[in-house]
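# Architecture and fold: a report
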Amino acid sequence: MRVRARVEGTVQGVGFRPYVYRLASELGCSGHVLNDARGVVVEVEADTKSVERFLARLPAEAPPLARIERVAAESVPVTGETGFAIRASPPGGEPSAAVTADTATCAECLEELFDPADRRHRYPFVNCTNCGPRFTIVRGVPYDRPLTTMAGFTMCPACAAEYENPLDRRFHAQPNACPECGPRARLVGSDAEDAVAAAASVLRDGAILAVKGVGGYHLACRADDEAAVAALRARKHREDKPFALMAPTVVAARALVALGPAEEDLLVSGARPIVLAPRRPDAPVAAAVAPGAPELGVMLPYSPLHHLLLADVGAPLVLTSGNVSDEPIAYTDDDALERLAPIADGFLVHDRPIQTRTDDSVVRVVDERPLVLRRSRGYVPDSIGLPVTARRHVLACGAELKSTFCVAKGARAWVGHHIGDLQNYETLRSFVAGVAHFEALFAVKPEVVAHDLHPEYLSTKVALERDGVDLVGVQHHHAHLAACLAEHGETGQALGAIYDGTGYGTDGTVWGGELLRGDLCGFERVGSLFAVRMPGGEAAIRQPWRMACAWTQAAGVEAPAALAARPGWDEVSALARTGVASPLTSSVGRLFDAVAALCGLRSEITYEGQAAIELEAACDAAERGAYAFGPALDARPTVAAVVDDIARGTDAGVIAARFHNALAAATARALLERGPDTVVLSGGVFANRRLLSRTRALLGEAGVRVLVPERLPPGDGGISYGQAAVAAASA
Ligand SMILES: [Zn+2]
Ligand SMILES: [Zn+2]
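Residues numbered from 1 in each chain as written. Chains lettered and ligands numbered in written order. Predicted model: local features only at pLDDT ≥ 70, side-chain atom pairs only at ≥ 80, totals over all residues. Heavy atoms only, no water.

So, on to the coordination of the zinc ion (ligand 1). Bound to the zinc ion (ligand 1) are the protein donor atoms Cys106 (SG), Cys109 (SG), Cys128 (SG) and Cys131 (SG), situated 2.3 to 2.4 Å from the metal. Considering all 4 donor atoms around the zinc ion (ligand 1), the spread of angles at the metal, 104 to 119°, places the coordination shape in the tetrahedral class. Sequence spacing of the donor residues for the zinc ion (ligand 1), all on one chain, is C-x2-C-x18-C-x2-C. With cysteine 109 in helix 3 (residues 107-113) and cysteine 128 in the loop between helix 3 and helix 4 (157-164), this pair connects stretches of sequence that are 19 residues apart. (Donors = N, O, S within 2.8 Å, 3.2 Å for Na, K, Ca; no water. Tetrahedral: all angles 85-135°; square planar, octahedral: opposite > 155°, others 65-115°. Helix = DSSP H or I, 4+ residues; strand = E, 2+ residues; numbered from the N terminus.)

Turning to the coordination of the zinc ion (ligand 2), a few remarks are in order. The zinc ion (ligand 2) binds to the protein through Cys156 (SG), Cys159 (SG), Cys178 (SG) and Cys181 (SG); the donor distances cover 2.2 to 2.3 Å. One can describe the donor arrangement at the zinc ion (ligand 2) as tetrahedral, given that its 4 donor atoms subtend angles of 105 to 115° at the metal. When the donors of the zinc ion (ligand 2) are listed by position in the chain, the intervening gaps give C-x2-C-x18-C-x2-C. Like cysteine 156, the residue cysteine 159 is buried in the burial classification. (Buried < 20%, exposed > 50% of the residue type's maximum accessible area, 1.4 Å probe, protein only.)

Next up on the list: the pattern of salt bridges. Tallying each qualifying case throughout the model produces 46 salt bridges. Put simply, aspartate 335 and arginine 339 hold a salt bridge, and the shortest N to O gap is 2.9 Å. Of this pair, aspartate 335 and arginine 339 both sit in helix 10 (residues 333-340), 4 residues apart, which is roughly one turn of the helix. We classify aspartate 335 as partly exposed; its relative accessible area is 23%. Taking the relative accessible area as the measure of exposure, arginine 339 reaches 17% and is therefore buried. Each of Arg2, Arg4, Glu43, Glu45, Glu74, Glu81 and Arg87 takes part in one network of salt bridges that share partners. (Salt bridge = Lys/Arg side-chain N within 4 Å of Asp/Glu carboxyl O.)

Next comes the structure, spelled out in structure tokens:
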């Protein structure tokens, strides 16, 4: 018999055709396989038993990077074809969607890397069809070597033979390279033959090195070297925000943080994100790595260069973005050499250009499930399905902080890499270039452009400047709700608790503690946190003590004397009273700020969300008590109770825990009162493990179906996808 099978999903550029060739050959099937615009088409001919075996094994034994979404097989007339062939794609048939995410070095390449007898022994750029750089080196489509940053390297005969051989692991591996013909690493200013070994020796001695990686430059130093870490912090002008670590092995990672099975799965996954996990009390890291933080961000080596470096140093490294303060991470050599020179004692570089700046992704595990906080290297540009079909091509411009964009067509969306805070020329430039790149990669020509309602966001301005498109303004918290619904394939109604720092409301006030009933097409605001003034507007975001002032005033209680005595208190108090330059806000993020300031934990912040993060970190894990919340999410009694506890001398950890417990209980109650079947918990505040876990548990006990973002961030990194879902459903 003869069967034609069409395979859809991520099946191109992942070694699928050679896999089919090997499988068919093993089972004695004749026929052919080819790529076309929709995926892979395979025809096999043999006795019925062999064909059935082939079809059973085809999806089950697919290569590691393949993701099969559908196999449709049909019988076709026997042709008597002999042998099995990998055929060329039909003209125009090479798809635009064959670009996959960068993937960690596979086990086979690792073996070669550390095998003294292998021709790629200690070669920092070893890769194959199953691993290596992809998205970060792609310049255009089709995904073929001339359109990658490997274009300048001509394969030597040995590499070319691998590339041409369907039975080789490196068949059509576009970044294929070896020490003879491929990129080289170099320690600037040194003529060491083995640049990585030389860099490792400098690091061991306490230097700070700029290291060119896969998606950009990192700054590296020994994690256990007090002086080096403190110097890095000072030179980078980074006051408090924790540094990420790279551990040589899972065993070394276990010595740094407490890892459950879900955390370990993420650590060793092909995406290799930074995993946030509770730090061990005896973790061998310098105090300045993460001052006061109960968690550490840890990742494992994901490129051969990192594997060599970590193995040579033999200890965890700080590996933080190569930038000064909040600037975007450096990824071009000239820019890095200029910007990082004041910070780094040396540079470990290489000559494979990085096409797209891509930060490390960040994931936290809550209730044994991943919660992506930053989705970038390792995940982008994998597509995410939409539960509705976009009749026209869509561009969604996202929000402002932790910005991403999204393009969509049909039932598929591609969310771009983390751009950062869209507040300066450099990030705006990355944003615009990123959008153009994605439009080309995925052949999307936007006819509908979705944007936030905030008129001052640069992302909104970019949207409004596009000519000849239909614009769809999507309310910020509706986008959060829609993103979570769409990710879970839900097209029906749900009730969402959407808590974050700031979002432009339909009434012109600052929203951020919203109960929304809605679906992908629309929403109704059915409740919100009691609104208070944000004294001085934006200044209140940087200075949580201002929110303490506003909330104590609203609650009609005296603020703790230490706070009320600070300079400027009376002026800010007057702003809160009169409302001058002080918009109303229902933001839960700002309520966290107020409580953190009242507890004396944090009155001014140096990075977004710091006060809330520290309030969560302070929680006394054993405390089960909870403050009262007024009906309709009125936090005034809660703030009054916090102030009472402070006056009584209650420990800040107990207060923090009682506050979290109160908010979780009030949220669950408010949602249950409205009697929903399906609930969404999203918004940046739900990155808070304690709040999310308790709220989910309370709702779960009541038998409610709870949806939480998993593949996309609950924070503003998920907004663009939500906007795209709304645009797809309504335009
Ligand atoms: Zn490999
Ligand atoms: Zn070669």
